[in-house]
Amino acid sequence: MKRKHLLFFLLFPLVINAQALRNYSNEFLTIGVDAAALGMSRSVVATTNDVNAGYWNPAGLVNIKDYQGSLMYSSYFAGIASYNYAAFAMPIDNRSALGISIIRFGVDDILNTTELIDSQGNIDFNRVSLFSAADYALNISYARNLIFKNVYFGVNAKIVRRTIGDFAKSWGVGLDAGIQYQRGDWKFGLMVRDISTTFNIWTIDTDAFAAVQNAIPGQNQELPEATEITKPKVQFGVARTFNLGRFFHLLTEADLNMRFARTNDLISTDLLSIDPALGFQLDYENFVFLRAGVGNFQNTTEFDGNKNLSLQPNFGVGFIYNGIQIDYALTNIGSIGNALFSNIFSVKIDFSFFRQ
């Protein structure tokens with residue numbers, strides 16, 4: 001058995017190098033969930049402590065006291081794409097918790113015109129069909145309070161399913177891990193996504209691919225690689241809450257989002273790129289919330305060669321009533337950058353209220 005383990009560890013790096021190690025893969029999993037978190041520009045890795053912690057940092061699930069559920073709907077690119085999320089979490093005992101979540105990002109009703117023109121050159125619109133390009137992810141999360149007080153650890157096991165109509169489909173698996181620590185008024189969080197790297201194995205319809213090749217001579221002649229490997233990504237956060245008088249509280253968090261590649265992020269090297277984010281949440285007796293944040297700092301190059309720094313401001317509001325929390329976020333205010341703003345709605349139900 002020991003020889004088998006040794007052989008695995010010797011061959012594993014060779015297998016990794018032989019595959020398609022991608023800087024950008026499964027990017028729909030980096031968009032984020034929960035309007036409350038997105039209103040703070042995703043700066044929640046140190047403070048997330050409810051059912052949505054299964055996505056942001058599974059360590060935060062330890063803080064839930066009863067069953068919780070969450071739903072989110074949002075649209076992107078002026079309604080072309082939809083992004084939906086559902087989650088459920090429950091405590092196992094006073095030291096551990098379990099969660100499950102599902103994410104779908106998809107573009108539906110895409111026109112398939114590969115058979116628009118028949119072999120005789122005739123155009124027949126009845127041969128046009130519709131298909132969807134959709135990405136799915138199933139996360140199963142486990143969190144536990146470690147031996148040391150105020151130290152929490154969590155892990156995600158995720159299954160990724162991606163489809164492009166009947167043309168191509170893939171399955172992927174991977175692991176995330178996170179940790180949270182609290183000392184006085186300060187909170188710290190660390191989340192490593194794809195800590196195991198995430199493998200996506202594609203199955204491509206070669207007949208459909210050949211039809212596209214014939215439709216566009218001289219283009220797309222090489223069959224895409226069938227294996228993708230997603231590089232790990234790291235998010236580190238520091239947070240503190242301030243009491244503003246008797247009724248108001250201000251939560252502040254600063255995060256560093258890191259990729260192991262050169263990108264257009266604010267800080268970029270051959271080894272590591274860092275995109276900072278800052279989020280704020282002002283609440284009135286934990287009843288009404290006002291949120292704001294800024295992130296996605298990117299170095300951009302214009303057509304004239306000038307370099308600029310772009311950023312993405314976000315805004316959000318929310319309230320809690322009888323165990324139900326409703327949140328709204330407006331991201332990319334003013335359409336700064338290349339993306340249009342998005343309206344995001346989410347709802348969270350805490351069943352502990354109904355047991356009082």
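Our structure is the block above this text.
Attention now moves to unusual backbone geometry. Phi angles above zero are rare outside glycine, and Thr197 is one such case at about 60°. Here Thr197 is to be found in the loop between β8 (186-193) and β9 (198-204). Judged by relative accessible area, Thr197 falls into the buried class, the value being 13%. One non-glycine residue, Asn286, lies in the positive phi region at around 55°. Along the polypeptide, Asn286 turns up in the loop between β14 (273-284) and β15 (288-301).

Here we come to the environment of Asn84. One can find Asn84 in strand β3 (residues 81-93). For the pair Asn84 and Ser74, spaced 10 residues apart in sequence, the C-alpha separation works out to 6.4 Å. What Asn84 contacts, discounting residues up to four positions off in sequence, is Met72, Tyr73, Ser74, Ile102, Ile103 and Arg104.

This part is about the packing of aromatic side chains. For any pair of aromatic rings, the description consists of the separation of the ring centres together with the inter-plane angle of the planes. Counted by the stated rule, this structure contains 9 aromatic pairs. Ring plane angle 55° and centroid distance 5.3 Å describe the contact between Phe248 and Tyr284, whose orientation is recorded as tilted. Remark: Tyr284 occurs in strand β14 and Phe248 occurs in strand β12 (residues 248-259); sequence separation between them is 36 residues. For Tyr284, a relative accessible area of 34% puts it in the partly exposed group. Through successive ring pairs, a cluster of aromatic residues spans Tyr67, Phe88 and Phe351. The side chain of Arg193 reaches across the aromatic face of Tyr55, ending 4.4 Å from its centre.

This next bit is on the side chain of Asp283. Relative to the helices and strands, Asp283 is located in strand β14. Of the buried charged residues, Asp283 lacks a salt bridge, with Arg291 as the closest side chain of opposite charge at 8.7 Å. A distance of 3.5 Å separates a polar atom in the side chain of Asp283 from the backbone nitrogen of Glu285. Excluding its chain neighbours within four sequence positions, the residues that come into contact with Asp283 are Phe247, Phe248, His249, Val288 and Phe289.

What follows deals with the pattern of salt bridges. Inspection of every chain in the model, using the stated rule, returns 12 salt bridges. Here Arg162 ties to Asp135 by a salt bridge, and the two come within 3.2 Å at their closest N and O atoms. Of this pair, Arg162 sits in strand β6 (residues 151-164) while Asp135 sits in strand β5 (residues 129-145), and the two are 27 residues apart along the sequence. The pair formed by Arg162 and Asp135 is uniform in burial state, with each residue classed as buried. A network of salt bridges, in which partner residues are shared, links Lys158, Asp176, Asp194 and Lys233.

Of the two faces of strand β10 (residues 227-230), the one holding Thr227 and Ile229 and the one holding Glu228 and Thr230 are both buried throughout. Note that β9 and β10 share 4 bridges and pair antiparallel. Bridge pairing in β10 places Ile201 opposite Thr227.

Ranked by size, the top nonpolar core spans 35 residues in total, and within it Phe28, Val33, Trp56, Met72, Tyr83, Ile103 and Ile344 carry the most contacts. Looking at this core, the elements that each hand over two or more residues are α2 (35-39), α3 (53-56), β2 (68-76), β3, β4 (96-112), β5 and β6. Examining the composition of this core, we find that 5 residues originate from one element, β3, more than from any other. In this structure Tyr83 touches Phe28, Ile31, Gly32, Val33, Met72, Tyr73, Ser74, Tyr76, Ile103, Arg104 and Phe105, once residues within four positions along its chain are discounted.

What counts as what
Residues numbered from 1 in each chain as written. Predicted model: local features only at pLDDT ≥ 70, side-chain atom pairs only at ≥ 80, totals over all residues. Heavy atoms only, no water. Helix = DSSP H or I, 4+ residues; strand = E, 2+ residues; numbered from the N terminus. Buried < 20%, exposed > 50% of the residue type's maximum accessible area, 1.4 Å probe, protein only. Contact = heavy atoms within 4.5 Å. Phe/Tyr/Trp six-rings, centres within 6.5 Å; stacked < 30°, edge-to-face > 60°. Lys NZ or Arg CZ within 6 Å of the ring centre and 35° of its normal. Lys, Arg positive; Asp, Glu negative; His and termini not counted. Salt bridge = Lys/Arg side-chain N within 4 Å of Asp/Glu carboxyl O. Polar contact = N/O pair within 3.5 Å; in protein donor to acceptor, adjacent residues only side chain to side chain. Pairing = 2+ DSSP bridges. Core = buried A, V, L, I, M, F, W, Y, C linked by side-chain atoms within 4.5 Å.

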